[in-house]
Amino acid sequence: MTRGRCPGLAVALLLALLLAPRALRAKPTVRKERVVRPDSELGERPPEDNQSFQYDHEAFLGKEDSKTFDQLTSEESKERLGKIVDRIDSDGDGFVTTEELKTWIKRVQKRYIYDNVAKVWKDYDRDKDDQISWEEYKQATYGYYLGNPEEFQDTSDHHTFKKMLPRDERRFQAADLNGDQTATREEFTAFLHPEEFEHMKEIVVLETLEDIDKNGDGFVDQDEYIADMFSHEENGPEPDWVLSEREQFNEFRDLNKDGKLDKDEIRHWILPQDYDNAQAEARHLVYESDTNKDEKLTKEEILENWNMFVGSQATNYGEDLTKNHDEL
């Protein structure tokens, strides 16, 4: 923001950016952001320490929810985790299998998405008719910009909003399956979380291409691919992980070896069809906690490794431990 700008405008801009879908607000600042999965099989990761778990809590929950979890003692956490384990053990045989964990994790993932939509629904459903029209969304997100265009003419914000508005409209239309310019809760969920819906995945691919393709040729070359995840300092050496990513681009991303990625290759990169995140997470948790190597977990084995579970999707990264039994 430039010096002397109206404070109200700064607030309006901040609100607009916060209310806009996450994928539209800014390019990733870490190299994992584009891919809708972890970079490697979770079972192959080294064990994480307590500091890593805390980072996971804050990254996924936000600092306030993480503080709520921090208020629990280890005994309270284990007690609540034990109640969750009883629910994960769907057949009640006293063991938690990889399949039971996977089923539970998928449930947690789905609940997170719908809870997220519920939290912002009232911000957009201005007439309280339990649906959100494109006009409602546009006014809630871009109303200040549309009503005061003269304040944006000489700022980078003008370019940002000018780009985001039609992009949002295109995504909204893709989510609006019956074409009535109004989104039901399911359609609005697809709008905010397009990577979770098959009919929205082309939009995810297209938006990724538009973000990274700086020369506008309709492809992503290696330099654009690297620039999206790493800002190179003049004359500075590239970190080892950047060199590794260049190799990844050549060996695994650029499938037809023409030196650039087309839409199909981008889809293969960010939305791989042969990867099940819940399956990988479940396998990782069993692998790390199965002390007797019988490929299933007892409650005791889980509680012995409780710090790993409260930093995993199985407990929504610890948030479920702060909820009542009936909320799960």
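Quick note: structure is the one above.
What this report covers is the structure whose coordinates are included nearby. Residue positions are counted from 1 within each chain, in the order its sequence is given. Only residues with pLDDT of at least 70 get local features here, since the model is predicted, and only at 80 or more are side-chain atom pairs given and counted; chain-wide, interface and lining totals rely on the full set of residues. Calculation of side-chain values draws on the structure's entire complement of heavy atoms; hydrogens and water are dropped beforehand.

Mapping glutamate 247 onto the fold places it in helix 12 (residues 240-253). Judged by relative accessible area, which is 48%, glutamate 247 ranks as partly exposed. Here the alpha-carbon distance between glutamate 247 and glutamine 222, two residues 25 residues apart in the chain, equals 9.8 Å. Secondary structure elements follow DSSP: runs of H or I of four or more residues count as helices, runs of E of two or more count as strands, with numbering from the N terminus. Between buried and exposed lies partly exposed: a residue is buried under 20% and exposed over 50% of the maximum accessible area for its type, with that area taken using a 1.4 Å probe on protein chains only.

Moving on, we get to the packing of aromatic side chains. Classification of ring pairs rests on two measures: the distance between centres of Phe, Tyr or Trp rings, Trp counted by its six-membered ring, which must be within 6.5 Å, and the angle between planes, read as stacked under 30 degrees, edge-to-face over 60 and tilted in between. Counted by the stated rule, this structure contains 17 aromatic pairs. Judged by centre distance (5.6 Å) and plane angle (65°), the rings of phenylalanine 172 and phenylalanine 191 are edge-to-face. Within this pair, whereas phenylalanine 172 is found in helix 8 (residues 156-175), its partner phenylalanine 191 is found in helix 9 (residues 185-192), the two being separated by 19 residues in sequence. Both residues of the pair, phenylalanine 172 and phenylalanine 191, count as buried. Here the aromatic cluster, defined as three or more aromatic residues joined through ring pairs, consists of Trp121, Tyr124, Trp134, Tyr137, Phe172, Phe188 and Phe191. Sitting above the plane of the tryptophan 121 ring, arginine 185 keeps its charged end 4.3 Å from the centroid. A cation over an aromatic ring shows up here: lysine 260 above the ring of phenylalanine 219, its NZ or CZ 4.1 Å from the ring centre. Throughout this description, the term charge over a ring refers to an Arg CZ or Lys NZ atom that lies within 6 Å of the ring centre and within 35 degrees of the ring normal.

What follows is about unusual backbone geometry. Note on backbone geometry: most residues besides glycine have negative phi, and most peptide bonds are trans. The phi angle at glutamine 181 is positive, at roughly 65°, despite the residue not being glycine. Structurally, glutamine 181 is set in the loop between helix 8 and strand 2 (182-183). Residue class for glutamine 181 comes out partly exposed when judged on its relative accessible area of 34%.

Attention shifts here to the nonpolar core. Counting residues in hydrophobic clusters, the biggest one holds 22 residues, and the most contacted among them are Tyr124, Ile132, Tyr137, Tyr142, Phe188 and Phe191. Mapped onto this core, the elements with two or more residues apiece are helix 6 (98-124), helix 7 (134-147), helix 8 and helix 9. For this analysis, residues touch if any pair of their heavy atoms sits within 4.5 Å. When residues no more than four places from it in sequence are discounted, the contact partners of tyrosine 142 are Tyr137, Phe161, Met164, Leu165 and Asp168. Residues belong to a common nonpolar core when they are buried Ala, Val, Leu, Ile, Met, Phe, Trp, Tyr or Cys residues joined through side-chain atoms within 4.5 Å. Residues Val85, Trp104, Ala282 and Val310 belong to the second largest nonpolar core, which totals 19 residues.

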